[in-house]
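Examining the three-dimensional arrangement
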Amino acid sequence: QDAYFYAERGVNNDASLSDLWYIMALSADALGKKKYVIVNNLERSLKIDSWLIFDKSKAVLALAKNYLQTNNVDVAKKCLDAISSQYFNEKRLLQIEIAYLEKDVFSARKYVAEMANFSKEGIEAINIFLHYESPYYQKDAYFDVVTNFITNNFERLLTQKKINVL
């Protein structure tokens with residue numbers, strides 16, 4: 001709440017800093033504000049393109065995620081081109097979700113298999129996999145138990161036996 005308030009005050013004093021719009025977007029998301037508020041702030045930060053602290057690619061990643069959450073898959077795909085190679089893993093996670101949303105299951109599975117070798121991003125990739133692959137997917141207590149188990153035990157499972165996500 002404080003971050004949003006202070007970023008908004010900063011924008012009122014100097015709207016030419018992308019960082020302030022980005023902070024407003026992130027804090028608006030954390031506060032549960034409407035997606036159009038978040039997207040608008042992210043788009044403003046990118047349009048201004050004057051960064052002091054934050055990285056433009058992080059804002060593009062956040063924008064692409066928000067577009068996916070509002071089912072704007074085509075716009076999210078266009079955002080991926082502007083993400084630097086420094087954020088390859090984060091970009092790949094978005095590509096997995098886009099592939100599933102476009103019903104390109106083969107590519108999605110391929111990306112998940114590639115990501116399974118990275119600890120943090122591999123766990124996120126497996127969560128995306130479980131979300132889209134399960135024909136009985138229903139967000140309920142049992143699904144959360146299984147997802148949490150995989151997430152909490154991923155490293156141990158990797159060392160005991162290679163996890164086959166396909």
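Further up the page is the structure itself.
Before going into details, it helps to say that this report is about the structure given with it.

Below, the discussion takes up the pattern of salt bridges. This structure, assessed with the given rule, holds four salt bridges. The residue Asp29 makes a salt bridge to Lys35 at a minimum N-O spacing of 3.6 Å. Classification of Asp29 by relative accessible area gives partly exposed; the value is 38%.

Between helix H2 (residues 18-30) and helix H3 (residues 35-48), the shortest axis-to-axis distance is 8 Å and the interhelical angle comes to 160°. Between H2 and H3, the interaxial angle falls into the category roughly antiparallel. Two packed elements cross with a definite hand, and for H2 against H3 that hand is left-handed. Residue-level inspection shows Ser18, Trp21, Tyr22, Met24, Ala25, Ala28 and Asp29 of H2 in contact with H3, the latter providing Lys35, Val37, Ile38, Asn41, Leu42, Arg44, Ser45 and Ile48.

On to a nonpolar patch on the surface, then. Together, Leu52, Ile53 and Phe54 give the surface a local cluster of nonpolar side chains, amounting to about 350 Å² of exposed area. Relative to the helices and strands, Leu52 resides in the loop between H3 and helix H4 (56-69). Judged by its relative accessible area of 64%, Leu52 is exposed.

The next thing to look at is the side chain of Asn41. If you trace the backbone, Asn41 turns up in helix H3. Look past the residues within four positions of Asn41 in its chain and what remains in contact with it is Tyr4, Trp21, Met24 and Ala25.

What follows is about H4. With 14 residues, H4 extends 20 Å from end C-alpha to end C-alpha; this agrees with the ideal 20 Å at 1.5 Å per step. Across the 14 residues of H4, ten count as buried, placing the element largely inside the fold. What H4 keeps buried is the set Ser57, Ala59, Val60, Leu61, Ala62, Leu63, Ala64, Asn66, Tyr67 and Leu68. Considering only its buried residues, H4 is in contact with H2, H3, helix H5 (73-80) and helix H6 (88-101). Of the residues that open H4, the one with a side-chain oxygen 2.7 Å from the backbone nitrogen of Ser57 is Asp55. Backbone geometry just downstream of H4 places Asn71 in the positive-phi region, at approximately 65°.

So, about the packing of aromatic side chains. Scanning all chains against the criterion turns up four aromatic pairs. Consider the rings of Phe5 and Tyr6, whose centres lie 5.2 Å apart with planes at 70°: the pair is edge-to-face. These aromatic residues form a ring-pair network of at least three members: Tyr22, Trp51 and Phe54. Its end group placed over the ring of Tyr4, Lys33 keeps NZ or CZ at 4.7 Å from the ring centre.

This paragraph deals with the nonpolar core. Counting residues in each nonpolar core, the largest one holds 31 residues, and the members touching the most others are Leu42, Leu63, Ile83 and Leu94. Among the secondary structure elements, those contributing two or more residues to this core are helix H1 (2-13), H2, H3, H4, H5 and H6. At eight residues, the largest contribution of residues to this core is made by H4. Those residues in contact with Ile83 that sit more than four places away from it in its chain are Ser57, Val60, Leu61, Lys91 and Leu94. Judged by nonpolar contacts, the second largest core, of 14 residues, contains Leu93, Ala99, Tyr100 and Ala125.

The rules behind the values
- Residues numbered from 1 in each chain as written.
- Predicted model: local features only at pLDDT ≥ 70, side-chain atom pairs only at ≥ 80, totals over all residues.
- Heavy atoms only, no water.
- Salt bridge = Lys/Arg side-chain N within 4 Å of Asp/Glu carboxyl O.
- Buried < 20%, exposed > 50% of the residue type's maximum accessible area, 1.4 Å probe, protein only.
- Axes fitted to C-alpha atoms, helices over the stretch in contact; angles between N-to-C directions.
- Helix = DSSP H or I, 4+ residues; strand = E, 2+ residues; numbered from the N terminus.
- Parallel < 35°, antiparallel > 145°, perpendicular 65-115°, else oblique.
- Left-handed = near helix turned anticlockwise from the far one by under 90°.
- Contact = heavy atoms within 4.5 Å.
- Patch = residues over 30% accessible without salt bridge, like charges linked within 9 Å, V, L, I, M, F, W, Y side chains within 5 Å.
- Areas by Shrake-Rupley, 256 points an atom, 1.4 Å probe, with all protein chains shown as cover.
- Expected span 1.5 Å × (residues − 1).
- Polar contact = N/O pair within 3.5 Å; in protein donor to acceptor, adjacent residues only side chain to side chain.
- Phe/Tyr/Trp six-rings, centres within 6.5 Å; stacked < 30°, edge-to-face > 60°.
- Lys NZ or Arg CZ within 6 Å of the ring centre and 35° of its normal.
- Core = buried A, V, L, I, M, F, W, Y, C linked by side-chain atoms within 4.5 Å.

In short, geometric facts, not functional conclusions.
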